[in-house]
Amino acid sequence: MDLHKLSLKEQLEGLKKSEFTSVELTSHYLKRISKHDEKFNSFITVTEENALMQAKAADERYKKDKSLPLDGVPIAHKDIFCTKGVRTTCGSKMLSNFEAPYSSTVYTKLDEQGMVMLGKTNMDEFAMGSSNETSYFGPVSNPWDTEYVPGGSSGGSASCVSAELAPIATATDTGGSIRQPASLCGLTGIKPTYGRVSRYGMIAFASSLDQGGVVARSAEDAALILEGMSGHDPKDSTSLKLPSPDLTKNLKDSIQGMKIGLPKEFFEQDMPSYVEQSIQEAIETYKSLGAEIVEVSLKNINLSLPIYYIIAPAECSANLSRYDGVRYGYRCEDPKDIEDLYMRTREEGFGAEVKRRILIGTYALSAGFYDAYYLKAQKCRQLVANDFTNAFESVDVILSPTTPGTAFKAGEKSDDPTEMYLQDIFTIPANLAGLPGISIPCGEHDGLPLGMQLVGNSLQEDKLLQFAHSYQSNTDWHKKMPNI
Amino acid sequence: MNENLNNWEAVIGLEIHVQLSTKSKLFSGASTNFGALPNTQACNIDLAMPGVLPVLNEEVLKMAIKLGTALNADINSPTSFARKNYFYPDSPKGYQISQMDKPIVEGGYLDIETESGTKRIGVTRAHLEEDAGKSLHDDFEGQSGIDLNRAGTPLLEIVSEPEISTPAEAVAYLKSIHSIIRYLAISDGNMAEGSMRCDANVSVRKKGDLELGTRTETKNVNSFRFVEKAIQYEIERQVHEIESGNTITQETRLYDSQNNTTRPMRSKEYANDYRYFPEPDLLPITLEKDFIESVINDMPEMPNEKKERFVSKFSLSNYDADLLAADKDIANYFEEVVKISDSPKLSTNWIMGELSALLNNENLNIKDSKVSSDKLGQLILRIEDATISGKIAKDIFEKMWISGKEVDEIIQDEGLEQVTDDKQIEAMIDEVIKSNPEQLEQYRSGKDRLFGFFVGQVMQASKGKANPKQVNDILKSKLEK
Amino acid sequence: MALSDKELKEISYLARINVKEESFSSLKKELEQILTLFEELNEADTSSVDAMSHPLDLSQPTRKDEVTEENKRDELLKNAPSVKSGLFIVPKVIDGEA
């Protein structure tokens, strides 16, 4: 049986009904990884032995009728989540041999619900990138066409789910790192409201922007796991004091009469005609499902890119100071004094993009520039957030393309770092405002998939998933998988 | 160096770091106990492992509110944390979580006693921040060993206005802060162990000048005495430099207690730019009015209030009241003694005199005194009611210290009751006069000094128990005959 | 926006990242490209707003003052590049940080 063709929901049901065991399901995926992942490089670490142990334990529980909510279903975790006793690298030479001494809350929550970890997925180094070309462990390629990038920074998570090497994968999103790869790989990727998912054990890039989420093959699958990952965590002071939300209750409800906002500033951007066309078709589908289309204005939205590229590097420049060769991680050889230890460890341990962002961030915070840059950016950020607050007075969700096009070829955007940054223009605003966003497949061009983005108001992941599910119940885009 | 400092005045500001005596750290649940084996009290948060996050200890808020109130300052709400970025191996994150814009305590003052009376020293702010770890240099040829047990311990940094003018004032200010933090039980204020640290900012200017001179910061002063000496040295050094035609470099200097000098710390290539920005992993803290009020109501009487009460209620001198009120344990002991003895002046003298001597001898805290407050109270009562003389009381006190017995027991055991019966005293005096005819002759022919001799003989005969006043009176009348 | 050699040297020191002489000009160029983005904020009118430092409009939670962590030294020091007698070993540190 092609177990990997079953949806996550079907897999869970199959396990409950004893149609197959977790060991069978897990082994099936491990075989596929072993056979195919060489082409994609989506995994940094495959935890084969551990996975089979976990699967076996799940099967025991099923036998005794004492199963956990997500028992025995396999999952891949982005290598940004600390997993105790397992190498956690963040895609970097700095942590290439780092064995995490504790587990992230995200991992623990899903582990406690019985999920089986297949391994840790590849990613752009320290989550900085939009193509997964900056990983110390080599680039990831897009299963739709291996000459193309899968997107980033959660490129490994997207790639392995797209190639059906895992039914679902956790991922993180700071400026679009879940939604953009989901769009480029034909998947459903959701970033929840800031504070929904605990950041404890999720290696920090930009603290006020980072959020954990999932890359899945459908809204339904995503809802199941996102629910299991969410909820208040006292170990994360920025975690919302709310329990895990019920994301499946309203999933199948009709969206009749609900309102979709189209931000005019987004649609004023130059974009390829195939993107415009796919989005128009999606809008028509939504209309046919009873949704009302409303034009909204997010007048400060064009400040998003500069705001992000001041705040994210500034926060990351401090978050990455701990990588200094003293207590763990990479250390340069024969340091002659403490300064040399720092300077060369960090020169050698970090890749080019990470170093650029640390330096930019250091510059933005330095004496004389703080007011003009960092402080100004945080004020502009409030303007963007206010725009969304106003827009949501008249609409339920806001729709736009996720990316300005389909996947690009590996190496194509390596000359000017800012060209790469343009990948995120549609996704960044949601991070700035702390709002939930989802990307779902809505088209294709030249054999490569394309996604559309829905952004919801604070705490309304359920509404987003409802809109996504409604669309997916009436279209086939999300069902298309690459032939690997 | 003995400069003529008459034309000069010093401008001094103190930054005092107080280590708060919480059980766990500021942002993690690791223990803060002193003296543990290296890195056994440093959890993943203290080691800045990838992915960890800080969670705030509620106790520090209470402690800061108490301190702010004792310093007559404002409590800021909301108050928030900031990152202070710098690289040093004892600072694991590469930044220290501290406070920048809205520190929890702002704008207060402290009144200190100086030679010329009471002086008010402004307090600019007091803010919370985490302590760093320690670097050990011995036994590691060419290398250093880093112990992060102390990393993350909560500190309250108290910054004074530059309104201190002399080393003595600096010490008075420091001692007041020391007294307050111990009263509030928020820190043990032990400078030798590092739970209270003092950095001094010093500059000089010609008397009458309004402009401030360039200041230096002096660190590594770990006792009241060294603070005074270090500041004095720095003042003299600066005056000497200026008078020699040099300018003062703004720098950080380390005090060397061996040579009583300060020397500049090794200068860095670039001045440190701390690049402060709001801490994104912690939310702003709102301190509700009820919360602040309940914390304030929980505060004990502060040293200055206690001192005033001692002066008015017990009619003590300013000086005595100050001394007793400086330490909460001594003040409590004093009040308990007075409850029984009903004699504030005598109680003060005994505590500051005999008791202090014995405590110092054995390096004891008054809480561990071998003579409890009610036992001392009893002793003083016996002096007051003339059962024993003051002199005998001193012997008895030492016996009480050693044996732990009560005063009455010792008086009985050793028959030390004062002799107050006139007839008995008369008899003793008669005996003494009879036994010393030569001295009697001499006294009667004008050698008044010999009166003391007779007194001494009577005291000896009575083994010190005869009431001195009565001896005096009766002897006088007998000798005059 | 131009970045001087001096500025680049300073920020790379502040960030403790060594930059080799031969990489200086290309790095400078890359950073300048990113810095041009910064200028786009100059025109924005932010007079009516406060800086946002948290997307959440909430107050900081606190925890009770209790010791909840036990000694896990061996586990936590496992990844250290150099350890002796339970201490992290680094090249000799001279003087203290200001």
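Residues numbered from 1 in each chain as written. Chains lettered and ligands numbered in written order. Predicted model: local features only at pLDDT ≥ 70, side-chain atom pairs only at ≥ 80, totals over all residues. Heavy atoms only, no water.

1. Let's talk about the overall build of chain C
Counting secondary structure elements, chain C contains 3 helices and 3 strands. Walking chain C from its N terminus toward its C terminus, one meets helices and strands in the order α-α-β-α-β-β. Relative to the compact-globule value of 13 Å for 98 residues, chain C shows a C-alpha radius of gyration of 23 Å, a clear excess of over 25%. Seen through its C-alpha atoms, chain C measures out along the principal axes to roughly 55 × 45 × 25 Å. Buried residues in chain C amount to 43% of all 98 residues. With the model as given, the accessible surface of chain C reaches about 5,200 Å², and the carbon-plus-sulfur share is 44%. Of the side-chain charges in chain C, 13 are positive and 21 negative, and the distance between the mean point of each set is 12 Å. (Helix = DSSP H or I, 4+ residues; strand = E, 2+ residues; numbered from the N terminus. Rg over C-alpha atoms; globule rule 2.2 N^0.38 Å. Buried < 20%, exposed > 50% of the residue type's maximum accessible area, 1.4 Å probe, protein only. Areas by Shrake-Rupley, 256 points an atom, 1.4 Å probe, with all protein chains shown as cover. Lys, Arg positive; Asp, Glu negative; His and termini not counted. Charge placed at Lys NZ, Arg CZ, Asp CG, Glu CD.)

2. Re the interface of chain B and chain C
Taken residue by residue, the interface counts 61 residues in chain B and 39 residues in chain C. Taken together, the two surfaces of chain B and chain C that pack against each other cover about 4,600 Å², and 58% of this comes from carbon and sulfur. In this assembly, chain B and chain C are joined by 1 salt bridge. The closest approach of N and O atoms between lysine 64 of chain C and glutamate 58 of chain B, which form a salt bridge, is 3.4 Å. Joining chain B to chain C, the criterion identifies 25 residue pairs in polar contact (both at pLDDT 80 or more). With 5 residues, the top contributor of residues to the side of chain B that touches chain C is strand S9 (residues 143-147) of chain B. Split by residue class, the side of chain B that touches chain C holds 30 nonpolar, 17 polar and 14 charged. (Contact = heavy atoms within 4.5 Å. Buried area = accessible area lost by both parts, 1.4 Å probe. Salt bridge = Lys/Arg side-chain N within 4 Å of Asp/Glu carboxyl O. Polar contact = N/O pair within 3.5 Å; in protein donor to acceptor, adjacent residues only side chain to side chain. Nonpolar A, V, L, I, M, F, W, Y, C, P; charged D, E, K, R; others polar.)

3. Some details on the nonpolar core
One recurring pattern in soluble globular proteins is that nonpolar side chains are buried together. Membership of the largest hydrophobic core comes to 287 residues, with the highest contact counts inside it found for Phe126 and Tyr286 of chain A together with Tyr173 and Leu376 of chain B. By residue number, the principal contributor to this core is helix H10 (residues 304-319) of chain A, which donates 10 residues. Each of domain 1 (5-291) and domain 2 (301-414) of chain B contributes no fewer than three residues to this core. In contact with tyrosine 173 of chain B, other than residues within four places in its own chain, are Leu14, Ile16, Leu110, Ile112, Ile121, Val123, Ile158, Ser160 and Ile164 of chain B. Counting residues in each nonpolar core, the second largest holds 18 residues, with Val419, Leu450, Val458 and Ala466 of chain B among its members. (Core = buried A, V, L, I, M, F, W, Y, C linked by side-chain atoms within 4.5 Å. Domains from an automatic or database assignment.)

4. Examining the sheet that holds strand S5 (residues 95-98) of chain B
Taking strand neighbours across the sheet as the criterion, the 3 strands line up as S5-S4-S15 (chain B) in an open arrangement whose pairing is antiparallel. Two strands in the sheet have a free side with no partner beyond their single neighbour: S5 and strand S15 (277-278) of chain B. Sitting on the sheet, H10 of chain A touches strand S4 (82-85), S5 and S15 of chain B, and the angle it makes with S4 of chain B is about 65 degrees. (Pairing = 2+ DSSP bridges. Axes fitted to C-alpha atoms, helices over the stretch in contact; angles between N-to-C directions.)

5. Topic: the packing of aromatic side chains
Residues and elements named next belong to chain A. Summed over all chains, the structure comprises 31 aromatic pairs over all chains. Between tyrosine 286 and tyrosine 471, the ring centres sit 5.5 Å apart and the planes meet at 35 degrees, which makes this aromatic pair tilted. Linking tyrosine 286 in helix H9 (residues 273-288) with tyrosine 471 in helix H16 (residues 461-472), this pair joins segments that are 185 residues apart in sequence. The exposure class of tyrosine 286 is buried, given its relative accessible area of 0%. (Phe/Tyr/Trp six-rings, centres within 6.5 Å; stacked < 30°, edge-to-face > 60°.)

6. Things to note about the sheet that holds strand S1 (residues 8-19) of chain B
Residue and element names in this part refer to chain B. In spatial order, the strands read S3-S6-S7-S10-S1-S11-S12-S13-S14; together these 9 strands make up an open sheet with mixed pairing. Both outer strands of the open sheet, strand S3 (74-75) and strand S14 (261-264), are each paired with one neighbouring strand and no more. Looking at chain direction, strand S11 (residues 196-206) and strand S12 (residues 216-221) are connected through 4 bridges and run antiparallel. The residue of S12 that forms the bridge with cysteine 198 is valine 221. Against the sheet, helix H3 (residues 224-243) contacts S1, S11, S12, strand S13 (252-256) and S14, and its axis sits at roughly 25 degrees relative to S11.

7. Focus on the domain arrangement of chain B
Residues and elements named next belong to chain B. By domain assignment, chain B separates into domain 1 (5-291), domain 2 (301-414) and domain 3 (422-480). Its C-alpha centre places domain 1 at a distance of 37 Å from the equivalent point of domain 2. The interface is formed by 7 residues belonging to domain 1 together with 12 residues belonging to domain 2. At the junction of domain 1 and domain 2, the tally comes to 1 salt bridge. With its nearest N and O atoms 3.5 Å apart, the salt bridge here joins glutamate 113 to lysine 307. Inspection of the domain 1/domain 2 interface yields 4 residue pairs in polar contact (both at pLDDT 80 or more).

8. A word on the layout of surface pockets
Residues and elements named next belong to chain B. Reported here for the second largest pocket is a volume of approximately 1,300 Å³. Forming the walls of the second largest pocket are 40 residues, and the residues nearest its centre are Glu113, Ala172, Ser176, Asp322 and Ala326. If you list the elements that add at least two residues to the lining of the second largest pocket, you get helix H1 (58-70), strand S6 (105-114), strand S7 (117-130), helix H2 (167-183), helix H5 (303-314) and helix H6 (318-325). When residues in the lining of the second largest pocket are grouped by element, the largest group, 10 residues, is from H2. (1 Å grid on protein atoms, 1.4 Å probe; cavity = no way out; pocket = protein on both sides within 12 Å on 5 of 7 lines; lining within 4 Å. Points joined across faces, edges and corners; volume = space filled by probe spheres on them.)

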